Amino acid sequence: MSTPQARRKTRADAERNRDRVLEAARALFAESGYDVQMSEVARAAGVGIGTLYRKFPTREALIEAIAEHRAADIIAAARRLTDADDPAQGLARFLHHVGEVLSDDRGMSEVIEKAMGSSEPREETREALLAIAAELIDRAQARGTVGHEVTTGDVNMIICGLAAVIRNAAGDWRRYIEVALDGLRPR
């Protein structure tokens, strides 16, 4: 019979294994693209292939988990920005953070898009990001640093455009953000 302490240790080991798999897979997919073999991921993570398939039965399930993990990181960073003294700066830092993540992880974005049909976050994750953007917009509008006509849809368009600029190497993504932010100022 297993003890509660043994179950906790097993759960902790399983969580560490899952994190190692996600980290190894993210690095391999970002570097080598969609066709990375699941056995390569298991080897790089230091887990058995059975452990990998138990947690992620398909390549797409693994890629979706990576996408969700990446989005959770963006959400956590964005939540910290909602307390910024200057909400317009918080919005700018949020967009710059998204740009950094997408730029540093460009290969992974391509893999996510290939596996899932889009690199845009889904359902709850998308709603969480839009809620944070709404909070930043509302605070900036109350301060008079963002126009009253600005919506979360506008910020979502900026992020989609930012992703395209980065994905296609269509220019300086930081400059793109500055131009977009200028368009959000009150008229």
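Structural data are supplied above this passage.
Residues numbered from 1 in each chain as written. Predicted model: local features only at pLDDT ≥ 70, side-chain atom pairs only at ≥ 80, totals over all residues. Heavy atoms only, no water.

Engineer: Can you tell me about the pattern of salt bridges, naming the residues and giving the values?
Structural biologist: Overall, the coordinates contain four salt bridges when judged by the stated rule. The partner of aspartate 13 in a salt bridge is arginine 16, and the shortest N-O contact between them spans 2.2 Å. Pair noted here: aspartate 13 and arginine 16 are both in helix H1 (residues 4–32), with a separation of three residues, about one helical turn. Ionic pairing is found between arginine 174 and glutamate 100, a salt bridge with its closest N-O pair at 3.2 Å. With arginine 174 in helix H9 (residues 173–184) and glutamate 100 in helix H5 (residues 87–104), this residue pair connects regions lying 74 residues apart in the sequence. (Salt bridge = Lys/Arg side-chain N within 4 Å of Asp/Glu carboxyl O. Helix = DSSP H or I, 4+ residues; strand = E, 2+ residues; numbered from the N terminus.)

Engineer: Hey, could you go over the environment of arginine 187 for me, with residue numbers and the actual values?
Structural biologist: When you line up the elements, arginine 187 lands in the segment after H9. What makes arginine 187 exposed here is its relative accessible area of 80%. The spatial distance from the C-alpha of arginine 187 to the C-alpha of leucine 52 is 54 Å, given a sequence separation of 135 residues. Of note is the side chain of arginine 187, whose polar atom sits 3.4 Å from the backbone oxygen of glycine 183. A polar contact of 3.5 Å, which involves the side chain of arginine 187, links it to the backbone oxygen of arginine 185. (Buried < 20%, exposed > 50% of the residue type's maximum accessible area, 1.4 Å probe, protein only. Polar contact = N/O pair within 3.5 Å; in protein donor to acceptor, adjacent residues only side chain to side chain.)

Engineer: An account of the layout of surface pockets is needed here, citing residue identities and associated values.
Structural biologist: In this model, the second largest pocket occupies a volume close to 160 Å³. Lining the second largest pocket are Asp86, Ala88, Gln89, Ala92, Thr145, Val146, Glu178, Leu181, Leu184 and Arg185. At the level of secondary structure, the elements contributing two or more residues to the lining of the second largest pocket comprise H5 and H9. Taken together, the residues of the lining of the second largest pocket break down into five nonpolar, two polar and three charged. (1 Å grid on protein atoms, 1.4 Å probe; cavity = no way out; pocket = protein on both sides within 12 Å on 5 of 7 lines; lining within 4 Å. Points joined across faces, edges and corners; volume = space filled by probe spheres on them. Nonpolar A, V, L, I, M, F, W, Y, C, P; charged D, E, K, R; others polar.)

Engineer: Give a detailed account of unusual backbone geometry, specifying residues and quantitative values.
Structural biologist: Most peptide bonds adopt trans geometry, and most residues besides glycine take a negative phi value. One non-glycine residue, alanine 169, lies in positive phi territory at about 50 degrees. Here alanine 169 is to be found in the loop between helix H8 (152–167) and H9.

Engineer: Any details on the nonpolar core? Residues and values, ideally.
Structural biologist: In this structure, Leu91, Phe94, Leu95, Val155, Leu181 and Leu184 are the most contacted members of the largest nonpolar core, which totals 31 residues. Mapped by element, the contributors of at least two residues to this core are helix H4 (59–81), H5, helix H7 (123–143), H8 and H9. Excluding its chain neighbours within four sequence positions, the residues that come into contact with valine 155 are Leu91, Phe94, Leu95, Ala133 and Ile137. (Core = buried A, V, L, I, M, F, W, Y, C linked by side-chain atoms within 4.5 Å. Contact = heavy atoms within 4.5 Å.)

Engineer: Summarise the packing of H4 against H7; cite the residues concerned and give the values.
Structural biologist: The contact between H4 and H7 brings their axes to 10 Å, and the two run at 15 degrees. The orientation of H4 with respect to H7, classified from their angle, is roughly parallel. Seen along the crossing, H4 lies across H7 with a hand that is left-handed. Residues Glu68, Ala71, Ile74, Ile75, Ala78, Arg79 and Leu81 of H4 lie in contact with H7, whose contacting residues are Thr125, Ala128, Leu129, Ile132 and Leu136. Of the residues that constitute the contact of H4 with H7, the class distribution is nine nonpolar, one polar and two charged. (Axes fitted to C-alpha atoms, helices over the stretch in contact; angles between N-to-C directions. Parallel < 35°, antiparallel > 145°, perpendicular 65-115°, else oblique. Left-handed = near helix turned anticlockwise from the far one by under 90°.)

Engineer: Outline the packing of aromatic side chains, supporting the account with residue identities and numerical values.
Structural biologist: The final tally for this structure, using the stated rule, is zero aromatic pairs. When the ring centre of tyrosine 34 is taken as reference, the NZ or CZ atom of arginine 59 above it lies at 5.2 Å. (Phe/Tyr/Trp six-rings, centres within 6.5 Å; stacked < 30°, edge-to-face > 60°. Lys NZ or Arg CZ within 6 Å of the ring centre and 35° of its normal.)

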